[in-house]
Amino acid sequence: MQTSQVFATKGNLLQAKKSLALAKMGFELMDRKRNILIREMMTLVDKVKLMRNEITEAYATGYYYLQQANISTGVISNIASQVRIDDTVRITYRSVMGVEVPSVIYEPQPIVIEYGLNDTNSRVDEAYIQFQKVKQLTMVLVEVDNSVYRLAAAIRKTQKRANALKNIVIPNFEYTVKFITEALEEKEREEFSRLKVIKAVKEKEN
């Protein structure tokens, strides 16, 4: 709101005060939302930190077993093609202050060897079993990475809006309220002085 375009009236003063109060409330809500989103994101980041060693070790072990299986049996792509695709994974979403973050739903099933045993050995079995564990950890990573990305984007957007309210909108309304208030007070003083002059003139005439 530009003060040069605002008439100093009581109606405009009330409107400016109302807009200022709404802007301050909006800033408080944006700030609260930002803090909640940051807290949620840090919880997810801490979750990954706790699992980092487990995840790194699981992947390293899985690729080592896979390498050993390839060495001992040749390229095992034909064996891998015999393993059915897992279609039991489901994704739902939960709302965190209006931000939709994913939740991966997966119920671990008993490990069943699905490929033939004639052309395989224990190295293949070790790789297969290890990558079942890798699959579960990967789902955790996918859930957390996607959630952190969405939360971080929402935090940036919320922070931008909060900064605009704090640094631009609220100061503008505060200045407008001050401008109108001072202008109305000046009008009242001028009106009071004018009445005093009129009263003094009438008293002299009498």
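The structure displayed is predicted, hence computed values, not measured ones.

## Some remarks on the overall build of the chain
- Helix and strand content of the chain: three helices and two strands.
- Each helix (α) and strand (β) of the chain, taken in turn from the N terminus, gives the series α-α-β-β-α.
- Relative to a compact globule of 206 residues, whose C-alpha radius of gyration would be 17 Å, the chain shows 34 Å and is clearly more extended.
- With respect to the three principal axes, the spread of C-alpha positions in the chain is 130 × 25 × 25 Å.
- Expressed as a percentage of its 206 residues, the buried residues of the chain come to 28%.
- Long-range contacts, defined as pairs at least 24 residues apart, comprise 80% of the intrachain contacts of the chain with a sequence gap of at least 6.
- By element, 56% of the accessible surface of the chain is carried by carbon and sulfur atoms, the whole surface being about 14400 Å².
- Placing the 31 positive and 25 negative side-chain charges of the chain at their respective mean positions leaves the two points 9 Å apart.

## A few points about the packing of aromatic side chains
- Overall, the coordinates contain three aromatic pairs when judged by the stated rule.
- Three or more aromatic residues link up through ring pairs in this structure, and these residues are Tyr59, Tyr63 and Phe131.

## Considering the pattern of salt bridges
- Here the structure, examined in full by the defined rule, presents seven salt bridges.
- Across the pair arginine 34 and aspartate 31 runs a salt bridge whose closest N-O atoms are separated by 2.8 Å. Separated by three residues within a single helix, arginine 34 and aspartate 31 lie in helix α1 (residues 10-73), roughly one turn from each other.
- One salt bridge connects arginine 194 with glutamate 191, and the closest N-O pair in it is separated by 2.7 Å. Placement of the pair is arginine 194 and glutamate 191 together in helix α3 (residues 122-205), with a separation of three residues, close to one helical turn.

## Notes on unusual backbone geometry
- With a phi angle near 55°, methionine 97 is a residue other than glycine that sits in the positive phi range.
- Within the secondary structure, methionine 97 sits in the loop between β1 (90-96) and β2 (99-105).
- What makes methionine 97 partly exposed here is its relative accessible area of 39%.

## Re the nonpolar core
- Within the largest apolar cluster, 14 residues are counted, with the highest numbers of intra-cluster contacts made by Leu13, Leu20, Ala23, Val177 and Ile180.
- Listed by contribution, the elements that provide at least two residues to this core are α1 and α3.
- In terms of residues, this core owes the most to one element, α3, which gives seven residues.
- Apart from residues lying up to four places away in sequence, leucine 20 is in contact with Ile170, Phe173, Glu174 and Val177.
- Core analysis: the next-biggest nonpolar cluster, separate from the first, contains 12 residues, Val96, Val101, Leu151 and Ile155 among them.

## Side note on α3
- For α3, spanning 84 residues, the distance from its first C-alpha to its last is 122 Å, which sits close to the expected 124 Å at 1.5 Å a residue.
- Two or three places before arginine 123, at the start of α3, stands the capping residue asparagine 121, its side-chain oxygen 3.0 Å from that residue's backbone nitrogen.

## Let's talk about the packing of α1 against α3
- Two elements in contact, α1 and α3, have axes separated by 4 Å at closest approach and are oriented at 165°. Comparing their axes, α3 and α1 come out roughly antiparallel. By crossing handedness, the relation of α1 to α3 is classed as left-handed.
- Considering only residue class, the contact of α1 with α3 consists of 41 nonpolar, 15 polar and 15 charged.

## Quick look at the confidence of the model for the chain
- Summing up the model confidence of the chain, the mean pLDDT is 87 and the portion of residues at 70 or higher is 98%.
- The secondary structure element of the chain with the lowest average pLDDT is helix α2 (residues 77-80), at 76, and the one with the highest is β1, at 92.

## Topic: the side chain of glutamine 130
- Inspection of the secondary structure puts glutamine 130 in helix α3.
- The exposure class of glutamine 130 is buried, given its relative accessible area of 14%.
- Excluding residues within four positions of it along the chain, glutamine 130 makes contact with Ala58, Thr61, Gly62 and Tyr65.

Cut-offs used in this document
- Residues numbered from 1 in each chain as written.
- Predicted model: local features only at pLDDT ≥ 70, side-chain atom pairs only at ≥ 80, totals over all residues.
- Heavy atoms only, no water.
- Helix = DSSP H or I, 4+ residues; strand = E, 2+ residues; numbered from the N terminus.
- Rg over C-alpha atoms; globule rule 2.2 N^0.38 Å.
- Buried < 20%, exposed > 50% of the residue type's maximum accessible area, 1.4 Å probe, protein only.
- Contact = heavy atoms within 4.5 Å.
- Areas by Shrake-Rupley, 256 points an atom, 1.4 Å probe, with all protein chains shown as cover.
- Lys, Arg positive; Asp, Glu negative; His and termini not counted.
- Charge placed at Lys NZ, Arg CZ, Asp CG, Glu CD.
- Phe/Tyr/Trp six-rings, centres within 6.5 Å; stacked < 30°, edge-to-face > 60°.
- Salt bridge = Lys/Arg side-chain N within 4 Å of Asp/Glu carboxyl O.
- Core = buried A, V, L, I, M, F, W, Y, C linked by side-chain atoms within 4.5 Å.
- Expected span 1.5 Å × (residues − 1).
- Polar contact = N/O pair within 3.5 Å; in protein donor to acceptor, adjacent residues only side chain to side chain.
- Axes fitted to C-alpha atoms, helices over the stretch in contact; angles between N-to-C directions.
- Parallel < 35°, antiparallel > 145°, perpendicular 65-115°, else oblique.
- Left-handed = near helix turned anticlockwise from the far one by under 90°.
- Nonpolar A, V, L, I, M, F, W, Y, C, P; charged D, E, K, R; others polar.
- pLDDT = per-residue confidence, 0-100.

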